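# Coordinate inspection notes
Here are the chains, one letter per residue:
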Amino acid sequence: MSFKVDIQNLNLYYGDFHALKDINIKIRKNSVTAFIGPSGCGKSTCLKSINRMNDLVPNCKIKGKILIDNQNIYDSRTNLNLLRKRAGMVFQRPNPFPMSIYDNIAYGPRIHKIKNKKILDEIVEKSLRSVYLWDEVKDRLNKSALGISGGQQQRLCIARALAVEPQIILMDEPTSALDPLSTIKIEDLVEMLKVNYTVIIVTHNMQQAARISDTTAFFLSGNIVEYANTSKIFNNPTDKRTEDYITGRFG
Amino acid sequence: MKNNKSLYNKKKSISDMLLKFLIYLSTTITISIFLSIIIYILYNGIPYLSLKFISTAYSEIDSSLKGILPMLINTMYIVIITLLFAVPIGIASAIYLTQYAKQGKLVKSIRFTTEILSGIPSVIFGLFGYTIFCVILGLGTSILSGCLTMMLCVLPTIIRTSEEALLSVPKSYKEGAIALGAGKLRVVLEIIVPSAISGIITSIILAIGRIVGESAALLYTSGMAYNMPKGMFSHIFSSGRTLTLHLYQTAKQANTPDSFSQAFATATILLILVFILNVIASTISKIVKKY
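Here's what I pulled together on the structure shown here. Please read all numbers here as calculations on a predicted model, not as lab measurements.

Moving on, we come to a nonpolar patch on the surface. Residues and elements named next belong to chain B. Residues Leu18, Leu19, Phe21, Leu22, Ile23, Leu25, Ile29, Ile33 and Ile37 make up a contiguous nonpolar surface patch of about 860 Å² in total accessible area. With respect to the helices and strands, Ile23 occurs in helix α1 (residues 14-45). Residue class for Ile23 comes out exposed when judged on its relative accessible area of 53%.

See below:
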């Protein structure tokens, strides 16, 4: 079995606050892994450690290792731009750039030195098709990306992440700001994505985790309480706290 | 159900009406003051306006030479050259202060200082500019000294306003770009600055207004000469009065109705100039900010 992401003894501090405590988790290639847990449990923090977005937070200290393809991304030799190209991210709120739809998608490839207009056109079409957005926006590629609906914007952001050909896609509660219909579209999309990508998704919505993920990690106050196949977590959890959480006794 | 009174019972409260009256009153006062100034100036200035007025030279002795072309040229020189200095420095400083500098005590004190500087009376800038640029650096009373002094005057405004614009760019844009693997410089130049461009252009508009309207700081530094420019580049090193200074001078020396008309006509040109510069700047802002 090949592991795409291997987190070893990860400890993370925001100033004095110990936000992640000895996290150990191995994530399989081409799978969907859900991080669940109550607010403030560290699931988003853990997700953001995987593409080192936590580096932007002042006073954030990290100990331990995260291996992606057996390379420690916290090694001082790591090229952060390449890391973030390999591990793309979709945020909680859709955050398209204030540019045209086309330029939003082409932005990433252009960063990574793709200048040829023909190739860019192909990437834009392919990325938009893979999130089922192409037919909806193909006639207004040069219009502002801020003019489409929230659900479309979020799919645009996924397409934007796909355009740089990542291998891992990190999703931080990607549907929490969306309506039910858009949520279903994104969930369907996630299941398609795992054919080519390793997906890690943070979610508040337990049904969502149960529906779309292969494995689930339950976080509680900075620890991983339980990490197992999703069906095991939801049908036969080992830990009492996991059971309490998924049956809605707290959270 | 008791108490089924008619719903058609809308009453106007007295305090609401009073407040509404006060709001209308204040608005009327403000607008009428503004309009009466403009109308008064235009009424007195327009009859004297002519193509000849803006296309001929000026002489204090020769009464047939009362044009303002040299002053118009001097004003444009000072506006353009000052902006050439102040805009790159100001915007680069704002970018550094908001995007690169560690947000600590130093940045806070710089911010505080720029705020104070933007409130300092321009005479003080004039005195400082005169000592430093005209005397110590030996530039003399010249357009260049005036421009350098004006640069000091408008820099705080440009920095503060651009900073506000840069800080108001949503953090999510920056995160989105970084998460795609964009380097810092790219994020700043391709995402943050374009998103803040209209605020940055506002800072330039404010600066233009300040330069065109300035008299005290230029009185010492660019001087009062009114001769026609002799060479495009050499003119930078010669003294020259701007429209505002010319207005001041003609109004001060006015002893006939005719010379008062000259002052009003100059004021009219000044108003038109400010209007045109504003239209240009906001047009640029619209062109640059497409989305």
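Having seen the model, we can carry on.
For the rest of this paragraph, the subject is the pattern of salt bridges. Here the idea is simple: oppositely charged side chains can pair when their charged atoms come close. Inspection of every chain in the model, using the stated rule, returns 23 salt bridges over all chains. Here A:Lys48 makes a salt bridge to A:Asp172, at a shortest N to O gap of 3.9 Å. With A:Lys48 in helix α1 (residues 43-50) and A:Asp172 in strand β7 (residues 168-172), this pair connects stretches of sequence that are 124 residues apart. What makes A:Asp172 buried here is its relative accessible area of 5%. Of the charged contacts, one joins B:Glu60 and B:Arg241 as a salt bridge, the two residues approaching to 3.5 Å between their closest N and O atoms.

This part takes up the sheet that holds strand β10 (residues 223-229) of chain A. All names here are of chain A. Across the sheet, 6 strands lie side by side as β6-β7-β8-β3-β9-β10; this open sheet has mixed pairing. Of all the strands in the sheet, just β6 (87-90) and β10 have a single pairing partner and so form its edges. Here the strands of the sheet are splayed against their neighbours by 15 degrees on average, with no regard to which way each runs. Taken strand by strand, helix α6 (residues 150-162) contacts β6 and β7, and its axis lies near 170 degrees from that of β6.

What follows is about the interface of chain A and chain B. If you look at the interface, chain A gives 28 residues, while chain B gives 17 residues. Across the chain A to chain B interface the summed buried area is about 1800 Å²; carbon plus sulfur atoms make up 66%. Looking at the side of chain A facing chain B, the largest losses of area belong to A:Pro98, A:Tyr107 and A:Ile111, adding up to 29% of the total buried there. Inspection of the region where chain A meets chain B yields 0 salt bridges. Scanning the region where chain A abuts chain B turns up 3 residue pairs in polar contact (both at pLDDT 80 or more). Listing elements by their share of the side of chain A that touches chain B, those giving two or more residues are α2 (80-86), β6, α3 (101-111) and α6 of chain A. Here the side of chain A that touches chain B gets 4 residues from one element, more than from any other, and that element is α3(A). Here the side of chain A that touches chain B is built from residues that sort into 14 nonpolar, 9 polar and 5 charged.

Further remarks concern the packing of α1(B) against helix α12 (residues 257-288) of chain B. All names here are of chain B. As a packed pair, α1 and α12 sit with axes 8 Å apart at the nearest point and diverge in direction by 125 degrees. The orientation of α1 relative to α12 falls into the category oblique. In the packing of α1 onto α12, the handedness of the crossing is left-handed. Note on element contacts: α12 touches α1 through Ser261, Phe264, Ala265, Ala267, Thr268 and Leu271, opposite Tyr40, Ile41, Leu42, Asn44 and Gly45.

What follows is about the pairing of β7(A). Residue and element names in this part refer to chain A. Burial of β7 is extensive: 5 of the 5 residues sit out of reach of the surface. Neither face of β7 is left uncovered, since the one carrying Ile168, Leu170 and Asp172 and the one carrying Ile169 and Met171 both have all their residues buried. Bridging between β6 and β7 involves 4 bridges; their strand directions are parallel. Its bridge partner lying in β7, Met89 is registered against Leu170. Two strands pair when backbone bridges link them, and β7 and strand β8 (residues 198-202) are joined in this way by 5 bridges, in the parallel orientation. The residue bridging Ile168 from the neighbouring strand is Thr198, located in β8. Running through helix α7 (residues 180-193), the crossover from β7 to the neighbouring parallel element β8 is right-handed.

Conventions we followed
Positions within a chain are numbered from 1, following the residues in the order the chain's sequence is written. Chain letters start at A and ligand numbers start at 1, both assigned in the order the entries are written. With pLDDT at 70 or above as the cut-off, local features in this predicted model cover only qualifying residues; side-chain atom pairs require 80 or more to be listed or tallied, and sums for whole chains, interfaces and linings still use all residues. Excluding hydrogens and water, the side-chain values take into account all heavy atoms of the structure. Only residues whose relative accessible area exceeds 30% and that take part in no salt bridge are eligible for patches, with like-charged residues grouped when within 9 Å of each other and nonpolar side chains (Val, Leu, Ile, Met, Phe, Trp, Tyr) grouped when within 5 Å. Working definition of accessibility: Shrake-Rupley area with a 1.4 Å probe, residue cover restricted to the visible protein chains. The salt bridge criterion pairs a side-chain nitrogen of Lys or Arg with a carboxyl oxygen of Asp or Glu, the two atoms within 4 Å. Numbering goes from the N terminus for both helices and strands, where a helix is a DSSP run of H or I of at least four residues and a strand is a run of E of at least two. Throughout this description, buried means an accessible area under 20% of the type-specific maximum (1.4 Å probe, protein chains only), exposed means over 50%, and partly exposed covers the range between. At least two bridges found by DSSP between two strands is the condition for calling them paired. Interaxial angles span 0 to 180 degrees and are taken between N-to-C directions of axes, which are lines fitted to C-alpha atoms, for helices over the stretch in contact. Contacts: residue pairs with any heavy atoms within 4.5 Å of one another. Summed over both partners, the accessible area (1.4 Å probe) lost when two parts come together is defined as the buried area. Counting of polar contacts relies on pairs of N or O atoms within 3.5 Å, with two restrictions inside protein: one atom must be capable of donating a hydrogen and the other of accepting it, and residues adjacent in sequence are counted only when both atoms are side-chain atoms. Residues are grouped as follows: Ala, Val, Leu, Ile, Met, Phe, Trp, Tyr, Cys and Pro are nonpolar; Asp, Glu, Lys and Arg are charged; every other residue, Gly included, is polar. When an angle is under 35 degrees it counts as roughly parallel; over 145 it counts as roughly antiparallel; between 65 and 115 it counts as roughly perpendicular; any other value is oblique. In this scheme the handedness of a crossing depends on how the near helix is turned from the far one: anticlockwise by less than a right angle means left-handed, clockwise means right-handed. A right-handed crossover is one whose linking path, passing over the helix from the first strand to the second, runs clockwise when the strands point away from the viewer.

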